[in-house]
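Examining the three-dimensional arrangement
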Number of protein chains: 2
Amino acid sequence: MKFADRTKFLKSSEIREMLKYSQMPDMISFSGGYPNPHAFPSREIVRIVEKIIDKNKFVLQYGPTEGIKELREALKKRMQKKGIKTDIDNIKITTGSQQGLFLLGEILINPGDNIVVESPTYLGALNAFSIFQPNYISIPIDENGMKIDVLEEKLKKEKIKFVYTIPTFQNPSGTTLSLDRRKYLLELAEKYDFFIIEDDPYSELRYSGENIKSIKSLDKNNLVIYLSTFSKILCPGFRLGWIIADEEIGKKFEIAKQNADLCSPNFTQYIAEEYINSGIIDKQIKLIRKMYKRKRDIMLNALNKYFPKNSKWTKPDGGMFIWVEFHEKVDVKKLLEYAIKEKVIFISGAPFYATNPKYNTIRLNFTNTEDNLIEEGIKRLSQALKKIKEGD
Amino acid sequence: MKFADRTKFLKSSEIREMLKYSQMPDMISFSGGYPNPHAFPSREIVRIVEKIIDKNKFVLQYGPTEGIKELREALKKRMQKKGIKTDIDNIKITTGSQQGLFLLGEILINPGDNIVVESPTYLGALNAFSIFQPNYISIPIDENGMKIDVLEEKLKKEKIKFVYTIPTFQNPSGTTLSLDRRKYLLELAEKYDFFIIEDDPYSELRYSGENIKSIKSLDKNNLVIYLSTFSKILCPGFRLGWIIADEEIGKKFEIAKQNADLCSPNFTQYIAEEYINSGIIDKQIKLIRKMYKRKRDIMLNALNKYFPKNSKWTKPDGGMFIWVEFHEKVDVKKLLEYAIKEKVIFISGAPFYATNPKYNTIRLNFTNTEDNLIEEGIKRLSQALKKIKEGD
């Protein structure tokens, strides 16, 4: 046997598999979770690079595994404004949020451990955890996020290691966990002794409705491990995220990271620090919100106009995704074939389920398509839908 | 049990633990494997960033897991000049070489698998592999690198998964595997059916002697997995390395990387591509070689002048390190205590052994110290040596 046995559990992301289609000419892609390149502060990055390149001898050097102190200081202050009190020692910079998920899997999951995920949940998290062979317990969601009462019933019967949740503008569904449920979840975590992994890449991208406190900001007993990322508020090309965790977890996490990639890029960390401390970040986020709100509205209007009445979709207050559930007879695999012919693509919903996939669901990204192509794309998709029905 | 059982095998690097000392005022540090910041092309990086930032919409975006095509094309051509023929599909960009080592461990090592390492070998590789719980077989080295005849004797008795080697200017010893031994090793790999992981971060940093072909360039049967890095020929702050492997390994590796961090930074990949294609790289490497040769010579002269006759050290033709073996009565742990008082630090040799450490060895880095402080540092170290003897 050439390969390690664990490679049986390696799964490639269907999102990444769709990349080849998205690069075809005239294809309208609602597939990847890509920010819009017009939302990247390119000129500001050039100016920051000019400013910081000779700042100190560490800008281009190896850095501390936990991340440069200056960036962790800046994040500490920023987190404080969001109600999260933390020490810089509890903040660890990661090579994107994906690394945070993977390393948490590595230090927490024994084969067979019960871990709870939303149903559906972020595919990349499932792939990060699966190599460590957990037993998934899926909890359904509704318009207020994970059904915590269903979780409670499970907890009465089974011991779990952690709950993984994307409470705000969830990927893939766009739904947000209500404040009441956040508190309820925290109570359960105390009562039944498990961690909450709160994955929060999107909360800065709110377009309507009121802010809801992060679970971490409500957490008095260090039960929440918080993850976030620069990918949506600066750019993904820097590969920078961060986690906030208690000392014990933080220490193990740091050693695991040291062995995995030594440290995240110092160069982009220094740029990110200046991006925060100069205040450019807040202007940029305003611009991003405005752009994405417009795109969300265009897509929701187009769905109303073109999509069949027997399908339903979420109306997210923020984030990057709309989740569609078709009539149960719609075979999304077939739909994708027809859609590619119509020159539009999306991501099938099934891979976002850890267990019991719904094959009549899809995820639509609205952030990375030109305004005038969003309606056109939805129109094409509705045509593919008609053809699949006629073809059936 | 809060943590996964595998965390028992997580080991922190002693090199990283020494960082806190290296930042003390007036400390002369021979500890880390850091390139010299004066060897970083800062101004060129600013100019490249200005040039490429608007090159295409992917510069700041998520990128393909295997790395951007443009950089893999540039590396393919550069590898060809070194006698390594490869297709761009066989090149995968990594988040530093450390990630390459970690992911190879993940996809190749089952608990208990025999893997062969040099004795001593690169500590970071041991830490990357150890979490996957291999059984290490250590093969001694001499001035011509790993003793392949000793390896052959082992192979007659034991089945192994792979040999991990840093054949050129080895970390930590500075020694180079002779051409004859490279060929002999390849023959054994064919005969006994194992992989060779050739870790090659230093071969561009040759200061004397003749170039020796990489093992990969001699490999006709895809038995060699080759790793290299931009850390020593551009800067470590970009976190960019690459591996070259056959299709089957490459595929598994790519999925493992996808789950670990999605992709390496597009931003620094585009800079690295321009750094190669503009030809700046070759001018820069000339400059680096000149600088490091001078530093190596200063350190070798200082060792001759100050170090006791009953100690011996390597005379590397390149790379970043000199390896010292003291008289067996010297307790390096005690030496370090005295050295810190004298304001000079180094790395103890013992952690570089997978098995049977020699406690009378140390590693000296010569690249990251100002010329005029190298002799001073060696002098301080010799004073610490005298004190430890007097103290004994």
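For every chain, the first residue of its written sequence is number 1, and the numbers climb from 1 along that sequence. In the order they appear in the text, chains get letters beginning with A and ligands get numbers beginning with 1. At least 70 in pLDDT is required for a residue's local features to be given in this predicted model, at least 80 for side-chain atom pairs to be given and counted, and no such filter applies to totals for whole chains, interfaces and linings, which use all residues.

So, the domain arrangement of chain A
Residues and elements named next belong to chain A. These domain boundaries are the output of an automatic or database domain assignment. In terms of domain boundaries, chain A breaks down into domain 1 (5–41 + 282–391) and domain 2 (42–280). Summarising the inter-unit geometry, the C-alpha centres of domain 1 and domain 2 are found 24 Å apart. Two residues qualify as being in contact provided that their C-beta atoms, derived from the backbone, are within 7 Å of each other. Tallying the contact residues gives 37 residues for domain 1 and 38 residues for domain 2. Numbering goes from the N terminus for both helices and strands, where a helix is a DSSP run of H or I of at least four residues and a strand is a run of E of at least two. Counting residues per element, the ones that place at least two in the side of domain 1 that touches domain 2 are α1 (14–17), α12 (280–306) and β11 (321–325). Ranked by the residues each element gives to the side of domain 1 that touches domain 2, the list is headed by α12, at nine residues. Basically, the charged four are Asp, Glu, Lys and Arg, the nonpolar ten are Ala, Val, Leu, Ile, Met, Phe, Trp, Tyr, Cys and Pro, and anything else, Gly included, counts as polar. Here the residues of the side of domain 1 that touches domain 2 are counted per class, giving 18 nonpolar, nine polar and ten charged.

Structural notes on the interface of chain A and chain B
Opposite the 58 residues of chain A that make contact, chain B presents 58 residues. Of all the elements in the fold, those that place two or more residues in the side of chain A that touches chain B are α3 (42–52), α5 (96–108), α6 (123–130), α10 (247–261) and α11 (266–277) of chain A.

Here's the deal with the packing of α3(A) against α11(A)
All names here are of chain A. For every element, the axis is a line fit to its C-alpha atoms; helices are fit only across the contacting stretch, and the angle between N-to-C directions ranges from 0 to 180 degrees. At a closest axis distance of 10 Å, the pairing of α3 and α11 adopts a crossing angle of 110°. Here α3 is positioned roughly perpendicular relative to α11, judged by the angle of their axes. α3 and α11 meet at a crossing whose hand is right-handed. Of the residues in α11, those touching α3 at Ile45, Ile48, Val49, Lys51 and Ile52 are Tyr270, Ile271, Glu274 and Tyr275. Residues belonging to the contact of α3 with α11 are distributed by class as follows: seven nonpolar, no polar and two charged. Reported orientations rely on four angle classes, namely roughly parallel under 35 degrees, roughly antiparallel over 145, roughly perpendicular from 65 to 115, and oblique for the rest. Each crossing is labelled by how the near helix is turned from the far one, with a counterclockwise turn of less than a right angle marking it left-handed and a clockwise turn marking it right-handed.

Quick word on the relation of the copies chain A and chain B
Note on the identical chains: chain A maps onto chain B by a rotation of 180° and an axial translation of 0.0 Å, with an RMSD of 0.0 Å. Here the two chains are linked by the operation of a two-fold rotation axis. Both copies contact each other with a shared surface, as 100% of the interface residues of chain A are interface residues in chain B too. The superposition of copies rests on a least-squares fit of C-alpha positions from residues with pLDDT of 70 or more in both.

Points about the pairing of strand β3 (residues 114–119) of chain A
Residues and elements named next belong to chain A. By the criterion of burial, β3 is predominantly enclosed, with five of the six residues buried. At least two DSSP bridges between two strands are needed for those strands to be called paired. Pairing of β3 with strand β4 (residues 135–142) involves six bridges; the strand directions are parallel. Its bridge partner being in β4, Ser119 is matched across the sheet by Pro140. The parallel pair β3 and β4 is bridged by α6, and the resulting crossover is right-handed. Two elements, β3 and strand β6 (residues 162–165), share three bridges in a ladder whose sense is parallel. The exposure scheme places C-beta atoms from the backbone and then counts, for each residue, the other C-beta atoms within 10 Å of its own, assigning buried at 20 or more, exposed at 12 or fewer, and partly exposed in between. Orient the strands so they point away from the viewer; a crossover is then right-handed if the path from the first strand over the helix to the second runs clockwise.

Re the environment of A:Phe253
Inspection of the secondary structure puts A:Phe253 in helix α10. Sequence separation between A:Phe253 and A:Thr65 is 188 residues, and the spatial gap between their C-alpha atoms is 9.9 Å.

Quick notes on the sheet that holds strand β3 (residues 114–119) of chain B
Residues and elements named next belong to chain B. Overall, mixed pairing links the eight strands, which are arranged β2-β9-β8-β7-β6-β3-β4-β5 in an open sheet. Only two strands of the sheet have a single partner each, and these edge strands are β2 (91–94) and β5 (145–146). Bridging between strand β8 (residues 224–229) and strand β9 (residues 241–244) involves four bridges; their strand directions are antiparallel. Looking at the pairing, Ser228 lines up with Trp242 of β9. Lying on the sheet, helix α5 (residues 96–108) is in contact with β2, β6 (162–165), β7 (195–199), β8 and β9; it crosses β8 at an angle near 155°.

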